Amino acid sequence: MSGQRYLLLLSILFLSSFYLNALERKANVLFIQSYTNRQSLQNTMVAELLHGLKSVGAEANIITEYLDADYWKYISEKAILRRVCQRAREQQIDLIVTAGDEAFHTLFCCGDSLPRQLPVVFYAIKFPDQALMDSLTNITGYTMIPDYVQILRQASKMFPQRKEVLCITDDSFLGQKGEKLFKKEFEKFAKEQTGYTLGTYNTQLEATNIIISSTCYSRNTNGRLVVIPKWSPFMSVVGKNSKAPFFSCQYQALTSGAFCSYDTDPFDVSRRVGRRVGLLLKGATPQSLKIENMPANFFYDYKQLNFFHVDKKRAVPGSIMNQTVFEKYQFLFFLLYASILALLVLMVVWLMRANHREARRRLHAQTRLMLQNKLVAQRDEFDNVFHSIRDGVITYDVDLRIHFTNRALFKMLHLKQQEAARPFEGMPAESLLKIYNHGREMLREMLKQVVDEGKNIVIPDDSFMQEANSKNYFLVSGEMVPIRAHGKITGVAFSFRNVSDEEMQKRFFSMAIEENTIYPWQFSVQTQLFTFPSSFMKRMGYAECSTLSVKEMLARIHPDDLPQVQKLFTAVINGSEKSNRTSFRQHTISGTYEWWEYRLSIFNGLADEPYSILGVCQNIQRYKSTEEELICARDKALQSDQLKSAFLANMSHEIRTPLNAIVGFSDLLTDMSNFSKEEVGQFVGIINKNCSLLLALINDILDLSRIESGSMDFRWARHSLLLLLKNVCESQRLNMPPGVKLLLSIPTNEKRYLMTDNVRLQQVMNNLINNAAKFTTSGSITLGYIEEKPGTVTLFVEDTGKGISEEGVRHIFERFYKVDNFTQGAGLGLSICQTIVERLKGTISVTSTIGKGTRFQVCIPDTGE
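This write-up is about the structure you can find in this document.

Procedures and definitions
Residues numbered from 1 in each chain as written. Predicted model: local features only at pLDDT ≥ 70, side-chain atom pairs only at ≥ 80, totals over all residues. Heavy atoms only, no water. Phe/Tyr/Trp six-rings, centres within 6.5 Å; stacked < 30°, edge-to-face > 60°. Helix = DSSP H or I, 4+ residues; strand = E, 2+ residues; numbered from the N terminus. Buried < 20%, exposed > 50% of the residue type's maximum accessible area, 1.4 Å probe, protein only. Lys NZ or Arg CZ within 6 Å of the ring centre and 35° of its normal. Patch = residues over 30% accessible without salt bridge, like charges linked within 9 Å, V, L, I, M, F, W, Y side chains within 5 Å. Areas by Shrake-Rupley, 256 points an atom, 1.4 Å probe, with all protein chains shown as cover. Salt bridge = Lys/Arg side-chain N within 4 Å of Asp/Glu carboxyl O. Polar contact = N/O pair within 3.5 Å; in protein donor to acceptor, adjacent residues only side chain to side chain. Pairing = 2+ DSSP bridges. Axes fitted to C-alpha atoms, helices over the stretch in contact; angles between N-to-C directions. Contact = heavy atoms within 4.5 Å.

**Some points on the packing of aromatic side chains**
Then, number 1: Counted under the stated rule, the structure contains 33 aromatic pairs.
Then, number 2: Between the aromatic rings of Phe 31 and Tyr 123, the centroid separation amounts to 6.4 Å while the plane-to-plane angle is 20°, which identifies the pairing as stacked. In this pair, Phe 31 is assigned in strand S1 (residues 27-33) and Tyr 123 in strand S4 (residues 120-125), connecting sequence segments 92 residues apart.
Then, number 3: Look at Tyr 123 and you get buried, because its relative accessible area is 3%.
Then, number 4: Centre to centre, the rings of Phe 189 and Tyr 196 are 5.1 Å apart; their planes meet at 70°, and the pair counts as edge-to-face.
Then, number 5: Of the residues examined, Tyr 196 reaches a relative accessible area of 10% and is grouped as buried.
Then, number 6: Here a set of aromatic residues connected by ring pairs shows up, and it is made of Tyr 519, Trp 521, Phe 523, Phe 530, Phe 532, Phe 536, Phe 569, Phe 584, Trp 596 and Tyr 598.
Then, number 7: Positioned over the ring face of Trp 595 is Lys 624, at 4.4 Å from the centre of the ring.

**Some thoughts on a nonpolar patch on the surface**
Then, number 1: A surface patch of nonpolar side chains, amounting to about 1000 Å² of accessible area, comprises Phe 326, Phe 334, Leu 336, Tyr 337, Ile 340, Leu 343, Leu 344, Met 347, Trp 350 and Leu 351.
Then, number 2: Looking at the nonpolar patch element by element, the count peaks at nine residues for helix H15 (residues 330-387).
Then, number 3: Structurally, Leu 336 can be placed in helix H15.

**Concerning the side chain of Asn 437**
Then, number 1: Structurally, Asn 437 can be placed in strand S16 (residues 433-437).
Then, number 2: What makes Asn 437 buried here is its relative accessible area of 13%.
Then, number 3: At a separation of 2.9 Å, a polar atom in the side chain of Asn 437 contacts the side chain of Ser 463.

**Some points on the sheet that holds strand S27 (residues 610-619)**
Then, number 1: Strand order in this open sheet of six strands is S24-S23-S22-S27-S26-S25, and the pairing throughout is antiparallel. Strands with a single pairing partner mark the edges of an open sheet, and in this sheet they are strand S24 (547-549) and strand S25 (581-587). The average undirected angle you get between the axes of adjacent strands in this sheet is 30°.
Then, number 2: In the packing of helix H21 (residues 562-574) onto the sheet, the strands contacted are strand S22 (518-524), strand S23 (529-531), S25, strand S26 (593-604) and S27, and the crossing angle to S27 comes to about 145°.

Here's what the structure looks like:
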């Protein structure tokens, strides 16, 4: 009885332990990073965090969120972290880790109560808010207060000749804090080291070209040191092109253009944070773990040391990063190479001896295999050559049996493709096709004649080929040739093609020429002869010839037109003139002169010189006869066009608005003593803006006037589409409203060239971007292109603005139509864009969603005039 109780007790204990283990779950840790996952250290920091957890025997799921503080404004950051906190509740987060000042400060200021309910571990804080930290009891972590005196001392040690110090910051919270602390500590450093001067730049107040000129031009940077209190993506662009060394207190500046960074080791501090998180998960309280300030160290970029010709032995104290493995372990590499070389020598000696023993056996085996492979390769090469021919090809042996058929024959005879290499080999000659000429079957007869006589035979004209299976037939043209091997005929090759369409087109063309007044002609550069059809020669008074010499041709031209024609003809022959039409008077059989128009197309031969000229000529005497009658109508049309252009040029109701602003604020500037510098700057900005609007309005009116008068010219040439879009993007980037980014979207590794008018196409894209900028206050404007079908390119401009209603989309390309009457502009830009695109043989369209944005697409063919 006691034994049964003992077994029952053991069972209860086992089930209880199993149930408790099942209730246990792995802790969830929310890791909030201040920046984006594009930084190279982010994944490594997570790995080191897990390593620190493991070192204290703890495990957790790390859920990473990115604040992207370099991109968002402070109000947006708080909204982002509120959404992060909401997701954290759903994910049952047990603890929060923050990296960087922005993540910590915004987390506790976002308005959500979650960060005050859970333990929070922070690190990489440069400028701690002591009042906030003292008010919190659930936080612990590591700070790293920048020591700019140490940075300046090390900079003066590395570059003693550089005495001019530049501090580049921005308007962010960390930028202002860093600039204030740097100026304070520079005063301490200036007392130690004399001769140093300080200059400051703000990337959001100073012009970009001034900062680039101060750091990237050799003439300005010989004696300068640059200190960056807060590293930003903009400084990465400048730093990679700088001719002055950059010093920073942020580790992520390395590999982004910084020469040296004075910061904590991010891997070491991540492991420390991981251990502290593990202790908190095991029951420790944040109050028991003190907030520590981490010691910093110098880190140098190996590529920057080489760029500024600094010996790495001088990079002390500190560590050199990004050093190549070969440079770091050069001696071991040389030792390894020597060992491998010795081993290779030994292996070669051993292989040579082994190869000598097996040489005879391998020779016989390889010879047999080589012969077999050569035979197979020759046969495959023969098949591939004939398969690549567009004409149908079939070969026969001397017994008139099928040997080989190519793919074009299968397609021409509507046969199904066979898996076998030679599916009809050995079948009789007439198994697939037959040849008829005037009702007589003659395939076998012609094949036998080729075998017996060894001569080529051309299929007679008006011969038909009949498919053996379907009995369908078609006009055929082809030739049979003998196949020889070692001086003997071993077979016959028959190549042919279906010429039904060609014959039909030829006959249609002959009928059209005989019944029309348009005549084709040809000029041979080699023979110097013009060739005309017989009907034209009869009209000109030549009954029995079809060619004219240059002298005879020129003799029939009216004397007044002769100099112009001679000059044009000489230019065409020399290759300097590409004109494709001309008109002049010719002497006809009636004894009078008639106007003729000649159109030509030049075929170039060797060395890009004309080989032959083809063209058509047409009698245009009736058009010339009515020309005088059309002069009056033309004058009236020109007068009407001028009146309309004058109306457009005097659009006072559109021009008055920017002129009033320009005149009014210009009057205010006559006495600037009554206004502050900021107000004067605003007045100048308003004047410049309205001048730009007035200039754009006038340009639109002028373009519309050119369109109406037909004077807008197009110059076709081949251009790189990628370069064209980059030029537009670079020219428009500085014109973007605050908070709006201009993006470029193109296919990867695409090098697209387009036959178009470069200037007009850029005008269209600039107008579309300017239109998008008027209605986009935040987000982005994307410029790019896609290829939806061969022979066309679709360019697009897409924005995240307020969008256009369905009614607006229907009228958007109408002249003087404006979606928003309170927006500057005359409503001509999109109408001009549509006209230019139509002249480029393309189409323009728009799709839009209210509140989400608008997308304009321009689809143009890859052809020119």
